[in-house]
Amino acid sequence: SSLTFPVNHLYLLSRPDKTGPVEQMRVRLGPKNSDTSGLALAVSEYASLKKAGVKLNVSKTRSVLLERCTCDVAAFGKEQNVSAITEIVQGLSQNKVEMDSKLLNTIMGAYLKCQRPKLTIEVFNNFTLQGAFSPGTIWVKSASERAKGKEDSTGTSVPDATLSVDASVHCYATLITALGRSGDLDRAHAVLNRMVETGPAPNIRVVNSLLGACVRQNNLTAAQKLFSSLTGVRGGGYANFVTPASDAGVCVAVQPDEFSFNIMVNAYARAKQVDPAFKMLLEMRRANCSPDKITYSTLIKACVATGQMVRAYDLLAELVDLGMQDAFAYNTVLAGLAKRKQWREAAAILERMQAEMVEPDLMSYSHVITACVRAVRIPEAKRVFSAMEDKGIVPNRQVYSSMMAGLASQGAVTEAQVLFKQMQERRVRPNEFTMSSLIEAYLKAGYASEALLIQEQLPGLGLIMDDVLETQRIRALAQKGLFSNATAALDSLVRRTKQLEGNKGSVGPIPYNEIIKQAQAQQLPEIAKNTFAQMLTDSVVPNRMTYELIVAVKDKSWQGVKRVEYFLDMIELVRKARLKPMGPLYVEALQSSVDANEPELAGLLLEDCADGKFSISKAERDRIEQLETRVLNLMQMSADGKWYARGPNKSARLGSSLGRSGSTGRLGSAGAPRGNTPFITGSARDDWDFTGEGSSSNPEDRDFMSAEWW
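Definitions and limits used
Residues numbered from 1 in each chain as written. Predicted model: local features only at pLDDT ≥ 70, side-chain atom pairs only at ≥ 80, totals over all residues. Heavy atoms only, no water. Helix = DSSP H or I, 4+ residues; strand = E, 2+ residues; numbered from the N terminus. Buried < 20%, exposed > 50% of the residue type's maximum accessible area, 1.4 Å probe, protein only. Areas by Shrake-Rupley, 256 points an atom, 1.4 Å probe, with all protein chains shown as cover. Contact = heavy atoms within 4.5 Å. Polar contact = N/O pair within 3.5 Å; in protein donor to acceptor, adjacent residues only side chain to side chain. Axes fitted to C-alpha atoms, helices over the stretch in contact; angles between N-to-C directions. Parallel < 35°, antiparallel > 145°, perpendicular 65-115°, else oblique. Left-handed = near helix turned anticlockwise from the far one by under 90°. Nonpolar A, V, L, I, M, F, W, Y, C, P; charged D, E, K, R; others polar. Expected span 1.5 Å × (residues − 1). Phe/Tyr/Trp six-rings, centres within 6.5 Å; stacked < 30°, edge-to-face > 60°. pLDDT = per-residue confidence, 0-100. Patch = residues over 30% accessible without salt bridge, like charges linked within 9 Å, V, L, I, M, F, W, Y side chains within 5 Å. Salt bridge = Lys/Arg side-chain N within 4 Å of Asp/Glu carboxyl O. Lys, Arg positive; Asp, Glu negative; His and termini not counted. Charge placed at Lys NZ, Arg CZ, Asp CG, Glu CD.

(A) Structural detail: the overall build of the chain. In terms of helices and strands, the chain carries 33 helices and two strands. Counting all 710 residues of the chain, 49% fall into the buried class. Accessible surface, the chain as shown: approximately 34,500 Å² in total, 50% of it carbon and sulfur.

Right, here's the structure in full:
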């Protein structure tokens, strides 16, 4: 019979010669997971053997242990398991296991993958012979001082010098990368300068690390200066980065490689400087460096960002000629087309990919669907979605959310429900944007109660009520006629925003617009007026849509003088908030004055407009010109220069009784600056953007079509 038992940790002590030292010690950890206890036990056993005086072949025994540590640290770095990495480092330090430069660089790199650059710098400080880095200082501790176990200026205990590693060039490259990610470019440059002066000799990887750090910090000038030092005479080396002479008096020149040029191409691309980026491509070829897919993709991204689509298409054709075409480059173009709502061009690129033997992937279809949705071409988006599924590509959350947004814009509740059910069956977890799209479909179709019920289910899905969902709640309540509840929800949103962002935090005009819109739709102009007043009290600046909603009075009983008073009250509220009323309010006030047979008041409005007291855009100019011409035709001047008021009751003129503000009795204050034109004010910088946020009072119209949502 055989004896069996579970083995969690198996130690193998190898002694080829019975009288010789132990050369190897292996440790079997079983299945790889985040448990470091097995490795910690091996480290402890190694330290115990040394302490007991067991004769070991230190280099071979330790190398097996360190190799195991290196593999585990690399794995934990991919998992972004900071605590597991730290546990290994502490175990090695406490048991005085001498690290090598390979393990040290792996630890530093693992911390970088975990987005912990400061821990990377700390490891270099504590475990290298070269010295610690204090803020603003480098090389502050010599090896002899570190051997005494002194503390550095930050109070961190410095390990014994016998445990310190002679850092390799790769360690320095990782250190420079960490300093760059920490935003400390000065110290990163100081490290490189010190290497040039005293060694170890920097290679191109070190220089590339510093170049990448400069680009990451958007410091194009520093990147240009560093790269320019590598522009020596062809074949003659690069003098600024010549390494110190060896014992034989030999110097090695550092020359840029493909990575160096790619970094610089990316630097110009990020700065949207397309021509210098293309010039770098030429320099790359002159230096006998072959452009790769990364080079072309970066250039394509720069062209797309600056709207130079023809050059982007030419680069795609060049990739095909070189046999380097891939989906990533095409997706870069598709992303730009989606952002510009160019759905036809996006669909053409999708067909071009298939013709050029490039298989479209999930992101390819996602960008085309987004382009169709943003351009409100929902039938085309449905066709692309079906084609993607026919290819066997399973939609992800982004694709579902885009389709849901498109269906929501049409109020297609049934189709949105089917899509959401399919999403749940495929176990694709929705996010806040997905749910807001579904809710929007209900609101567009007039199902406010159902929309509120969906919002009540959000906590069960692990989702929170963000600003868009809160705005939809306000809209649903107002749509149901529960204006007091909608106002309370708005007040709650304002308080939450100020708590998170401080007193200067603002929810923006969209939530207020929702209440105003529903109030006007339900013929309740007084509620719209009160909401507008509250908006100004909360120091929220109205946008153009706010003014368009304010003047959209649908209550037919508000005619004549009553309608004029309503608009004058709005003008007074805006000016008390020290703002300038926009064109829609001026147009409606002028129109209502004419309709109410009040030419004197219309004349006062004309004067205020001429004085620059209204913000007029090009959108209103044609209508304003017609109205002003009509007003001038209605007004007649008497011999003494007084306005002649039509009608029998001259003493009850509206213009006299509703002067509103200003010592002269005119609307507005007397101190406003005068315009240069007689009646129409405004300039080119007052043009309105009808494709942006201000073109709709619906918050989802803004967010559905935003490529930055994801």
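(B) Main features of the environment of arginine 473. Along the chain, the position of arginine 473 falls in helix 23 (residues 467-479). Taking C-alpha positions, arginine 473 is 9.9 Å from asparagine 485, a pair spaced twelve residues apart along the chain. The residues touching arginine 473, leaving out its near neighbours within four places in the chain, are Leu452, Gln455 and Met465.

(C) Spatial organisation of the side chain of threonine 128. You can see threonine 128 is positioned in the loop between helix 5 (117-127) and helix 6 (143-147). Its relative accessible area of 0% is what places threonine 128 among the buried residues. For threonine 128, the side chain forms a polar contact with the main-chain oxygen of phenylalanine 124, separated by 2.6 Å.

(D) The packing of helix 12 (residues 274-286) against helix 13 (residues 293-305), seen in detail. It is at 9 Å that the axes of helix 12 and helix 13 come closest, and there the two elements cross at 165°. As judged from the angle between their axes, helix 12 and helix 13 are roughly antiparallel. Viewed along their axes, helix 12 and helix 13 form a crossing whose handedness is left-handed. Contact residues: Val274, Ala277, Phe278, Leu281, Met284 and Arg285 in helix 12; Thr295, Tyr296, Leu299, Ala302 and Cys303 in helix 13. Of the residues that constitute the contact of helix 12 with helix 13, the class distribution is nine nonpolar, one polar and one charged.

(E) Inspection of helix 17 (residues 362-374) at higher detail. Here helix 17 spans 18 Å end to end across 13 residues, near enough to the 18 Å set by a 1.5 Å rise per residue. Burial runs high along helix 17: eleven of the 13 residues are buried. Restricting attention to buried positions, one finds in helix 17 the residues Ser364, Tyr365, Ser366, His367, Val368, Ile369, Thr370, Ala371, Cys372, Val373 and Arg374. Elements in contact with the buried residues of helix 17: helix 15 (327-339), helix 16 (343-355), helix 18 (378-390) and helix 19 (397-410). Regarding helix 17, its N-cap is aspartate 361, as a side-chain oxygen of that residue lies 3.2 Å from the backbone nitrogen of methionine 363 further along. The first or second residue beyond helix 17 is valine 376, which carries a positive phi of 55°.

(F) Just the packing of aromatic side chains, in detail. Enumeration over the complete set of coordinates arrives at eight aromatic pairs. Taking the centre distance of 5.4 Å and the plane angle of 65° together, the rings of phenylalanine 124 and tyrosine 172 count as edge-to-face. Within this pair, whereas phenylalanine 124 is found in helix 5, its partner tyrosine 172 is found in helix 7 (residues 169-181), the two being separated by 48 residues in sequence. Since its relative accessible area comes to 0%, phenylalanine 124 is described here as buried.

(G) Main features of the environment of glycine 336. Looking at where glycine 336 falls in the secondary structure, it is placed in helix 15. A residue is classified by how much of its surface remains accessible, and glycine 336, at 5% relative accessible area, is buried. For the pair glycine 336 and alanine 305, spaced 31 residues apart in sequence, the C-alpha to C-alpha distance is 7.0 Å.

(H) Layout of the confidence of the model for the chain. The pLDDT averaged across the chain works out to 77; a share of 72% of its residues lies at or above 70. Note that pLDDT drops below 50 for residues 21-36; the model gives that stretch 60 contacts with residues more than four away or on any other chain.

(I) Region of the structure containing the side chain of arginine 575. Summarising the element assignment, arginine 575 is placed in helix 28 (residues 561-576). At 3.3 Å, the side chain of arginine 575 forms a polar contact with the backbone oxygen of lysine 613.

(J) Spatial organisation of a positive patch on the surface. A contiguous patch of positive charge, built from Arg181, Arg216, Arg270 and Lys301, is present on the exposed surface. Along the chain, arginine 181 falls in helix 7. Given the relative accessible area of 31%, arginine 181 is considered partly exposed.

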